[in-house]
Structures are given as C-alpha cells and as structure tokens.
Amino acid sequence: MVKPKGVPIATTANIYEAKTKLSKLVDEAAQGEDVIIARNGKPVARLTSLKPEKLPLRMGLMKGEIWIADDFDTPLPDDILAGFEGR
C-alpha cells in the first residue's frame, strides 16, 4: 500500500492484541494515529485521539470591567510614531 503524503496509515490490531497492548495503542492514538481494532479480520472499532473541546465564545464577559478611550484609533503623534518606526 502506498502512503499518501500527510495521511497516516492506521495501525490494525485484533482484539486479543488490543487487550494485551492497550497502553501502547492508546499512546499511538494520542500521537494522532488511528488504531483499528478487528475481530476475525474485520474492523469493528477505531481508537482515536480526542480533540480539545472548544469553549463557546461568550461576548460581554468583561462588560463594565474595562473601557476603551473614544480616540483609541486616532493617528499617533509624529514623535511617538517615529519611535515605533525606528526613525
């Protein structure tokens, strides 16, 4: 089998092997490699890594705690701008 670039080939283990080498197979899955578990040569399960859960974006959590000046986006004075630009 030819392995396409960037696509890992999954490890396959029978149920007996999966029971005896579970820790090793979990380590492989944690590294991003899927492990296929087979019974009588037929795939029945996949051991894969968990993706970190994305927390929902909640707007307004800092309302009343911080403020932004009304002129925050006005151009900087030339002397300060020159310091940023290394002039």
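Shown above is the structure to which this text applies.
A brief report on the enclosed structure follows. These figures come from a predicted structure and were not determined experimentally. (Residues numbered from 1 in each chain as written. Predicted model: local features only at pLDDT ≥ 70, side-chain atom pairs only at ≥ 80, totals over all residues. Heavy atoms only, no water.)

## Describing the nonpolar core
Core analysis: the biggest nonpolar cluster contains five residues, these being A13, A18, L25, V35 and I37. Those residues in contact with V35, other than ones at most four positions away along the chain, are T11, L25, E28, A29, A45, R46 and L47. (Core = buried A, V, L, I, M, F, W, Y, C linked by side-chain atoms within 4.5 Å. Buried < 20%, exposed > 50% of the residue type's maximum accessible area, 1.4 Å probe, protein only. Contact = heavy atoms within 4.5 Å.)

## Brief notes about a nonpolar patch on the surface
On the surface, a cluster of nonpolar side chains totalling about 330 Å² of accessible area is made up of L61, M62 and I66. Residue position: I66 is located in the loop between β3 (42-47) and α3 (78-85). (Patch = residues over 30% accessible without salt bridge, like charges linked within 9 Å, V, L, I, M, F, W, Y side chains within 5 Å. Areas by Shrake-Rupley, 256 points an atom, 1.4 Å probe, with all protein chains shown as cover. Salt bridge = Lys/Arg side-chain N within 4 Å of Asp/Glu carboxyl O. Helix = DSSP H or I, 4+ residues; strand = E, 2+ residues; numbered from the N terminus.)

## Focus on the sheet that holds strand β1 (residues 11-14)
If you trace the three strands from one edge of the open sheet to the other, you get β1-β2-β3, paired in mixed fashion. What marks the edges here is a single partner per strand, and that holds for β1 and β3. Each strand of the sheet is rotated relative to its neighbour by a mean of 35°, with strand direction disregarded. (Pairing = 2+ DSSP bridges. Axes fitted to C-alpha atoms, helices over the stretch in contact; angles between N-to-C directions.)

## Digging into unusual backbone geometry
Positive phi is not limited to glycine here, since N40 has a value of about 55°. When its relative accessible area of 75% is taken as the criterion, N40 is described as exposed.

## Some words on helix α2 (residues 22-30)
All of the buried residues in α2 are L25, E28 and A29. End-on, the buried residues of α2 take up no more than an arc of 100°, which puts them together on one face. Exposed side chains of α2 directed beyond 90 degrees from the buried face belong to S23 and A30. As for α2, its buried residues are in contact with β1, α1 (15-20), β2 (35-39) and β3. Looking one or two places after α2, you find G32, whose phi comes out positive at around 105°. (Arc of directions from axis to C-beta.)

## So, the pattern of salt bridges
Summed over all chains, the structure comprises four salt bridges. Between K21 and E17 there is a salt bridge whose closest N-O contact spans 3.7 Å. With relative accessibility at 39%, the residue K21 sits in the partly exposed group. With a shortest N-O distance of 3.9 Å, R46 and D34 are connected by a salt bridge. In this pair, R46 is assigned in strand β3 and D34 in the loop between α2 and β2, connecting sequence segments 12 residues apart. In this structure R46 comes out as exposed when scored by relative accessible area, which is 57%. For D34, a relative accessible area of 24% puts it in the partly exposed group.

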